[in-house]
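Examination of the molecular architecture
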Amino acid sequence: MMKFRKLSVILQGIGMPLAIAPLIIILSACNDQPQNNPNTQNPDSTPQGQVTRVLWNRIKSRGQLVCGVSGELPGFSFVGTDGKYSGIDVDICRAVAAAVFDNPDAVEYRNLNTKERFTALQTGEVDILSRNTSWTFSRATSQGLDFAPVVFYDGQAVMVRKNSNIQSIKDLKDKAICVQTGTTTEQNLADQMRKRGITYKPVVFEDVNITFATYAEGRCDAVTTDRSALVSRRTTLPKPEDNIILDDVLSSEPLAPAVAKGDTKWSDIVKWTVYALVKAEELGINSQNLAEFANSKDPDIKRFLGTEGNLGEGIGLTKDFAAKIIKHVGNYGEIYDRNLGAKTKLNLPRGQNQISSKGGLLYSPPFR
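What comes next is a walk through the structure. (Residues numbered from 1 in each chain as written. Predicted model: local features only at pLDDT ≥ 70, side-chain atom pairs only at ≥ 80, totals over all residues. Heavy atoms only, no water.)

1. Focus: the sheet that holds strand E13 (residues 243–245)
Think of a sheet as strands paired side by side through backbone hydrogen bonds, with each pair either parallel or antiparallel. As a reminder, the rule being used: In this scheme, strands are said to pair when DSSP sees at least two bridges between them. A run of H or I in DSSP counts as a helix once it spans at least four residues, and a run of E counts as a strand once it spans at least two, with each numbered from the N terminus. For every element, the axis is a line fit to its C-alpha atoms; helices are fit only across the contacting stretch, and the angle between N-to-C directions ranges from 0 to 180 degrees. Here a residue-residue contact requires only that any non-hydrogen atoms of the pair lie within 4.5 Å.
Taking strand neighbours across the sheet as the criterion, the five strands line up as E11-E10-E12-E9-E13 in an open arrangement whose pairing is mixed. Strands at the two margins of the open sheet, each flanked by one partner only, are strand E11 (201–205) and E13. Sheet twist, expressed as the mean angle between neighbouring strand axes with direction ignored, is 30°. As paired elements, strand E10 (residues 176–180) and strand E12 (residues 222–226) share two bridges and run parallel to each other. Following the sheet pairing, Cys178 is matched in E12 by Val223. Strand contacts of helix H9 (residues 208–216): strand E9 (156–161), E10, E11, E12 and E13, with the helix running at about 160° to E10, the strand carrying the most contacts. Sitting on the sheet, helix H10 (residues 227–234) touches E9, E12 and E13, and the angle it makes with E12 is about 125°.

Next up, the structure:
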C-alpha cells in the first residue's frame, strides 16, 4: 500500500488527472506480482523436474535393475554354462544394484547386439547399458546417451593368423578384413585405411559371433575390434596360440556405462557408483579389509563410508552406499583382477587402467 500512495503522489505532482491515476495504480499492482521465471524455479517442483524422476522411481518400485549387456564377451559380460553372468560390465551392474538395493543380485540381464543396444536404452527396455560401449560425441549428443565415467580405456586393434606373414597394418593391402557393422570399429577401420592410402576388402556382419566365426574359418585375412575384445575372443578360437594381435592402434576407445538422458537423479547414481569403485581403491579399501576402516579417524574415509555426514542421501541413496558397494562387489582393482587380470585366461595388464597414483588414467573426484 505504501508503494501505491507514493505512486499516486507522483502522478498528481506531474499533473496527471486523478481519474486516470487509479487505473495506472491497478496496472502497476498487476505487474508487481511474482513472475514465473524458469531460471529461478526449483527444478524438482516443475513438471519437467517430475519427469526426470520417472525412471529412478520406476527402478525403486520394481526392486530390480534391468541391465543391457553383451553376454558373449568373456571378461566383460559372458554367460557361463551354469547360466550365471560374469565380467567387468556385469560387475558394474552388480555395483549399482548394491548401491540401490543393498543386493548385487537384484539385476535382470538383457543380451543386446550392437544394433539394438541404443534403442533398448532409449525406449526404456533397459535401465543401464553396460556393454563395452565407446563414449563418443555423437552417442552423447544425437543419440541421447548420458555416459558414466570410463571403466576401461581401450583401443582398436587387428588380429591375424600367425602364419599369414602380416606384421602391421600396411601388410593388409587388398586383404579381406572381418568387421562388425554399426560400430565405431567399422568407421575407424575405414578412416585409418583411407588415411594410409591402403585398399582393403571389408567383410561386414551384424552379428559378432558370425564375424569371428568367419575369421576362424579362414574366409577373411584379419578381424578388427577393440584390443580387449580381440584378447577375449582369441580364447574362444580353436587354436588361440595360432593368432596374434598387431601392435598398431587404430583408435582410442573409452568404454563406459550409459543411461538415457533425462533422469538426472538416476544418472548421478550410476556415475557416483563407478567413482566409488575407483575411490575405494585409491583409499586402499577393499572387500576383505572393509571392516578395519569402520572406525577410521580419517575424515575422507569417514565421509566416503558414511560414518560421518550424509553424502549418499543427496542422490537418493543411504549414506553408507559406498560401503555396500565394496562389501558386495569390491573396489575397481578387485573387479579388474577377477575378470581380466593375471589369474584369468585373458591376463590383460592394467596399463592405463590403473589408478592415477600408479600411473594410470583412473581417479575419482572428492567425496565431500
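2. A short note on the side chain of Thr133
Put simply, the rule is: In the analysis that follows, any N or O atom pair within 3.5 Å is treated as a polar contact, provided that within protein one partner can donate a hydrogen and the other can accept it, and provided that, for residues neighboring in sequence, both atoms belong to side chains.
Relative to the helices and strands, Thr133 resides in the loop between strand E6 (128–129) and helix H7 (137–140). In terms of polar contacts, Thr133 uses its side chain to reach the side chain of Arg117, at 3.2 Å. At 2.8 Å, the side chain of Thr133 and the backbone oxygen of Arg131 are in polar contact. In contact with Thr133, other than residues within four places in its own chain, are Arg117, Phe118, Arg139, Phe147, Pro254, Leu255 and Ala256.

3. So, the packing of helix H11 (residues 264–283) against helix H13 (residues 321–328)
Stated precisely, the cut-off is as follows: Just so you know how the angles are binned, under 35 degrees is roughly parallel, over 145 roughly antiparallel, 65 to 115 roughly perpendicular, and the rest oblique. By convention, the crossing between two helices is left-handed when the near helix turns anticlockwise from the far helix through less than a right angle, and right-handed when the turn is clockwise. In the scheme used here, Gly and all other residues not listed as nonpolar or charged are polar, with Ala, Val, Leu, Ile, Met, Phe, Trp, Tyr, Cys and Pro taken as nonpolar and Asp, Glu, Lys and Arg as charged.
One way to put it is that H11 packs onto H13 with a least axis distance of 10 Å and a crossing angle of 70°. In this view, H11 runs roughly perpendicular relative to H13, as classed from their interaxial angle. In the crossing of H11 with H13, the sense of the turn from one axis to the other is right-handed. The residues of H13 that touch H11, namely those facing Trp272, Thr273, Ala276, Leu277 and Ala280, are Phe321, Ala322, Ile325 and Ile326. Residue composition of the contact of H11 with H13, by class: eight nonpolar, one polar and no charged.

4. Section: the nonpolar core
The test is simple: Buried Ala, Val, Leu, Ile, Met, Phe, Trp, Tyr and Cys residues form a nonpolar core when they are joined through side-chain atoms within 4.5 Å. Each residue is placed in one exposure class: buried if its accessible area under a 1.4 Å probe, protein chains only, is under 20% of its type's maximum, exposed if it is over 50%, and partly exposed if it falls in between.
In this structure, Trp266, Phe304 and Leu305 are the most contacted members of the largest nonpolar core, which totals 72 residues. For this core, the element with the highest residue contribution is helix H5 (residues 88–101), accounting for 10 residues.

5. Section: the pairing of strand E1 (residues 65–69)
Taken across its five residues, E1 has five buried, putting it largely inside the fold. Both E1 and strand E5 (residues 107–111) contribute to a ladder of five bridges, which runs parallel. Paired with Gly68 across the two strands is Arg110, which belongs to E5. Judged from the two bridges that link them, E1 and E6 form a sheet pairing that is parallel. The residue bridging Cys67 from the neighbouring strand is Ile128, located in E6.

6. What to know about the pattern of salt bridges
The condition that has to hold: One speaks of a salt bridge when a side-chain nitrogen belonging to Lys or Arg is within 4 Å of a carboxyl oxygen belonging to Asp or Glu.
Counted according to the given criterion, the structure contains 13 salt bridges. A salt bridge links Glu281 to Arg350, with the nearest nitrogen and oxygen atoms 2.8 Å apart. With Glu281 in helix H11 and Arg350 in the segment after helix H14 (332–340), this residue pair connects regions lying 69 residues apart in the sequence. Comparing Glu281 with Arg350 shows no difference in burial state: the two are buried. For Lys324, the salt bridge identified is with Asp320, shortest N-O distance 3.9 Å. For Lys324, a relative accessible area of 15% translates into the label buried.

7. Focus: the side chain of Asn188
Here Asn188 lies in helix H8 (residues 184–196). A distance of 3.1 Å separates the side chain of Asn188 from the side chain of Gln156, its partner in a polar contact. Ignoring sequence-local partners within four residues, the contact set of Asn188 consists of Gln156, Ser251 and Glu253.

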